[in-house]
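# A structural walkthrough
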Amino acid sequence: MASGKVLRQLIRAGTEGDLAGFRLASQSIIDEERQKQHHLLANDLERLLYGDRMTTPAQSRKFHTVSNLPANKDSGLDLLETRPVIREEKDLVLSDTSKSLLDEILLEHNRADVLRSYGMQPAQKLLFCGPPGCGKTLAAEVVANALAMPLVLVRLDSVISSFLGETAANLRKVFDFISQQPVVALFDEFDALTKDRGDSADHGELKRSVNAVLQMMDSYRGDSILIATTNYESLLDKAVWRRFDEVIQFELPTLDQIKRLLALKLSGVRRNFEPEDGQIASQFKGMSHADIERVLRRAIKEMILSSREFLERKHIDAALAREYRHKK
């Protein structure tokens with residue numbers, strides 16, 4: 001509960017039409033709630049207070065195209081690959097904790113000018129951890145979309161080389177590029193670049209790449225956002241963790257999240273059941289977001305090919321049975 005002093009300031013400013021005073025008192029309440037770890041409430045209050053101002057900076061920027069992608073000297077293959085940015089925040093179903101952290105990161109970038117006026121920077125180096133298919137890559141696309149920035153994927157097949165010093169040279173080209181052009185740079189399967197240097201199974205060139213990544217992350221000063229993802233956080237070198245500003249954990253969806261995911265993916269599909277049906281949702285328990293989406297695609301295809309007007313439970317059951325057969 002906000003202090004009496006702040007509440008009096010808030011009401012006085014509102015009744016007197018003092019907009020600046022109203023915002024100052026409101027921001028004090030938001031800061032107080034965030035200190036209490038009430039992040040979801042604080043995020044909602046910020047949206048109410050700033051409204052369109054929270055998204056104006058990103059929306060006012062047009063997506064710019066990236067050009068002159070760096071290439072591997074020997075193979076000629078590009079070290080980066082541009083990815084389409086289509087999906088939005090509404091397409092992402094996460095736990096309240098993960099969603100709150102992602103919202104805070106977007107807020108920091110939408111109000112980066114305010115942070116910089118206090119000598120601070122928005123979070124730029126992010127690590128997304130968790131099982132495969134739980135929304136890590138999708139979240140990177142959402143970040144790029146929300147901030148109107150191009151999304152580029154670091155191509156590990158082109159970056160990693162067995163030749164002495166070549167991996168580090170390729171990484172230098174990547175970091176030079178993202179330092180010059182503001183993008184969301186996605187380092188997918190980051191553990192391939194930064195495995196624990198104590199692992200005797202890896203050859204010397206990969207161990208040198210860990211040192212190179214650490215040095216380049218330390219010296220990075222560009223405007224791009226670096227997002228690393230891994231399904232195997234236990235494999236990461238211990239020194240890597242402190243190079244990140246924020247770490248977000250992605251997990252298998254809960255029953256409630258499965259219901260929300262079913263409602264989202266079936267929103268435009270005519271059906272004879274409700275996604276909120278607990279019996280249907282429970283059939284997807286233990287599946288990742290990607291698994292669920294794949295099953296639904298199969299069910300919808302079956303509905304279309306069998307000339308049915310409505311998606312029925314039998315379509316879901318058949319698609320689930322096929323999924324389980326493939327995993328045996």
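Predicted, not measured: the structure shown is a model, and the values here were computed from it.

Within helix 7 (residues 136-146), 9 of the 11 residues are buried, which leaves it mostly tucked inside the rest of the structure. Those residues of helix 7 that sit buried are Lys 136, Leu 138, Ala 139, Ala 140, Glu 141, Val 142, Val 143, Ala 144 and Asn 145. As for helix 7, its buried residues are in contact with helix 5 (96-110), strand 2 (125-129), strand 3 (151-154), strand 4 (184-187) and strand 5 (225-230). Ala 148 sits one or two positions beyond helix 7 and adopts a positive phi of about 55°.

Bringing the pattern of salt bridges into the picture now. In the structure shown here, the tally under the stated rule is 17 salt bridges. Asp 176 is the partner of Arg 172 in a salt bridge, and the nearest nitrogen-oxygen pair spans 3.2 Å. With Arg 172 and Asp 176 both in helix 9 (residues 166-180) and 4 residues apart, the pair spans about one turn of that helix. A salt bridge links Arg 313 to Asp 277, with the nearest nitrogen and oxygen atoms 3.9 Å apart. Highlighted residues: Arg 313 in helix 14 (residues 313-327) and Asp 277 in the loop between helix 11 (255-265) and helix 12 (278-282), separated in sequence by 36 residues. By relative accessible area, which is 32% here, Arg 313 ends up partly exposed. Looking at Asp 277, the relative accessible area reads 25%, which means it is partly exposed. Here the residues in one salt-bridge network are Asp 291, Arg 294, Arg 298 and Glu 323, joined through shared partners.

The final tally for this structure, using the stated rule, is 5 aromatic pairs. Plain terms: the ring middles of Phe 187 and Phe 190 are 6.0 Å apart, the flat faces sit at 85° to each other, and that makes the pair edge-to-face. The class of Phe 190 is buried, set by a relative accessible area of 3%. Counting every residue linked through ring pairs, the aromatic cluster contains Phe 175, Phe 187, Phe 190, Tyr 220 and Phe 244.

Reading the values: rules and limits
Residues numbered from 1 in each chain as written. Predicted model: local features only at pLDDT ≥ 70, side-chain atom pairs only at ≥ 80, totals over all residues. Heavy atoms only, no water. Buried < 20%, exposed > 50% of the residue type's maximum accessible area, 1.4 Å probe, protein only. Helix = DSSP H or I, 4+ residues; strand = E, 2+ residues; numbered from the N terminus. Contact = heavy atoms within 4.5 Å. Salt bridge = Lys/Arg side-chain N within 4 Å of Asp/Glu carboxyl O. Phe/Tyr/Trp six-rings, centres within 6.5 Å; stacked < 30°, edge-to-face > 60°.

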